[in-house]
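Spelled out from the first residue to the last, the chains are:
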Amino acid sequence: MAPPSPSASILPFSRPEAALPPLHLSPPHLTGAELEALQDVLASGWLAPAGPTPLRFEAAVAEAMRQPHALAVSSGTAALGLSYRLLGVEPGDEVWTSSLTFLATIGPAVQMGATPRFLDVDPTSWTLDPALLAEELAAAARRGRLPRAVVPADLYGQPADIAAIAEACARWGVRVLSDSACGMGALQHGWPAGHGADLVAVSFNGNKIVTSTGGGALLAPDGAAIARARHLATQAKEPAPHYQHETTGFSCGLSALLAGFGLAQLPCLEERVSARRAIFARYAGALGALPGLSFMPEPGWARSTRWLTAMLVDPRRFGADREALRLALLEQGIESRPVWKPLHLQPVFRQAPAVGGAVAAALFEQGLCLPSGSAMTVEQQDRVIATIRALHRG
Ligand SMILES: *Cc1c(COP(=O)(O)O)cnc(C)c1O
């Protein structure tokens, strides 16, 4: 038997004897400009999360998101954590989010003592249902217990309807934080993801549409909020020759090297969005007519990036369920993953209040994300399509 390839040991499904290399959900896609960007940063002598490169990265991210102010940080989760500090989240506060999102959307708020409340998603977008939110806010106002913040999350590159959400929240003076970690390049009502929220968090993790290998940013229309976030992100040091502190902070600036890497990636954002959308269109074209298969919708007000192609499998019509399909793909060395398990069904949130949740639960039950990397070839995509077709025939 040949020795496993160097990457084989980290791949739970890799089979050294398999003829074809494993196919991942969303591997990083290099532009070719990264090495030179890293060398430039090394030559500049600035390696700490400071100096001109992080500032240039912030300006580029702000421009891409059409926001006036940005702070580069070490992860999307760090941007969310800073946001919850800016929002003044305290023990006993409620923070509301969509049930169908990643734990990181709400994790930092819970760590600050907030009680999460999970609202169902809209079946036409799979993101936070604005009508349900408006009803719940009115009910919460009657109870005299409005949330500290509402946190819509973009989903697999599908933007949340911030215009409708911000309108519902403005009525009660509730602030909006958009978890746009996977929303870079998406449009809602003609504006970039998150636009219209008080705070917007994005991620440049290695699996996102553009990456700094690891990193994130916090964006806002309010420059004072970003200045305060910058203070908190750098240990909350007061201006003094010694270290002086009036509050505790974080250490979550973005390394200059990673900012340089991100700068080499950002110019390709539009190209990457087009590639992911073309991959989605090819999947939908090749598989959409099979009985029991359907794809994440795109509402008229949105342009999704199709960061990940998400598909629904109705087992009665398709003849196999989502898990059988996942295992058949795995058998061929193809990674796929169920749609987020809703937060209201997670053991950690057993006690948390939830509003509805049937839509999110059904999407989890039947939803599967397919390999969608922007560097994926037509041949690689055909492997995925052929495997799904074969299972249908079988
Ligand atoms: C990726 C992601 C995050 C976390 O970003 P990191 O940079 O990995 O911390 C949070 N929320 C959503 C919806 C994400 O997709």
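Preceding this section is the structure that the text describes.
A brief structural summary.

Cut-off values and rules
- In every chain, residue numbers begin from 1 and rise along the written sequence.
- For a predicted model such as this one, the threshold for reporting local features is a pLDDT of at least 70, and the threshold for listing and counting side-chain atom pairs is 80 or more; totals across whole chains, interfaces and linings nevertheless cover every residue.
- To obtain the side-chain values, all non-hydrogen atoms of the structure were included, while hydrogens and water were left out.
- Each cavity reported here is a set of points on a 1 Å grid over the protein atoms alone in which a 1.4 Å probe fits but cannot get out, each pocket an open set with protein on both sides within 12 Å along at least five of seven lines, and each lining residue one with an atom within 4 Å of a point.
- Grid points are joined across faces, edges and corners, and a volume is the space filled by probe spheres set on the points.
- In this description a helix means any DSSP run of H or I spanning at least four residues, a strand means any run of E spanning at least two, and both kinds are numbered starting from the N terminus.
- For every domain, the bounds stem from an assignment made automatically or drawn from a database.
- Angles here are taken between N-to-C directions and fall from 0 to 180 degrees, while the axes themselves are lines fitted to C-alpha atoms, restricted in helices to the stretch in contact.
- Handedness of each helix crossing follows the sense of rotation of the near helix against the far helix: counterclockwise by less than a right angle gives left-handed, clockwise gives right-handed.
- For this analysis, residues touch if any pair of their heavy atoms sits within 4.5 Å.
- Each residue is assigned to one of three groups, with Ala, Val, Leu, Ile, Met, Phe, Trp, Tyr, Cys and Pro labelled nonpolar, Asp, Glu, Lys and Arg labelled charged, and all others, Gly among them, labelled polar.

Approximately 600 Å³ is the volume found for the largest pocket. Along the wall of the largest pocket there are 37 residues; nearest its centre are F102, N207, K208, W307 and W340. Contributions of two or more residues to the lining of the largest pocket are made by α3 (76-86) and β13 (337-338). It is α3 that provides the largest number of residues to the lining of the largest pocket, a total of three residues. Two domains each provide a minimum of three residues to the lining of the largest pocket, namely domain 1 (8-29 + 269-393) and domain 2 (34-267).

Quick look at the packing of helix α2 (residues 52-65) against helix α8 (residues 256-265) now. Between α2 and α8, the shortest axis-to-axis distance is 8 Å and the interhelical angle comes to 35°. Crossing of α2 against α8: the hand is left-handed. Touching T53, P54, R56, F57 and A60 of α2 are A256, A259, G260, G262 and L263, all from α8. Among the residues making up the contact of α2 with α8, the classes are represented as six nonpolar, three polar and one charged.

The next point concerns the environment of A62. Inspection of the secondary structure assignment puts A62 in helix α2. Taking C-alpha positions, A62 is 10.0 Å from P221, a pair spaced 159 residues apart along the chain. Sequence-distant contacts of A62, that is, excluding residues within four places in its chain, are made with Q67, A70 and L219.

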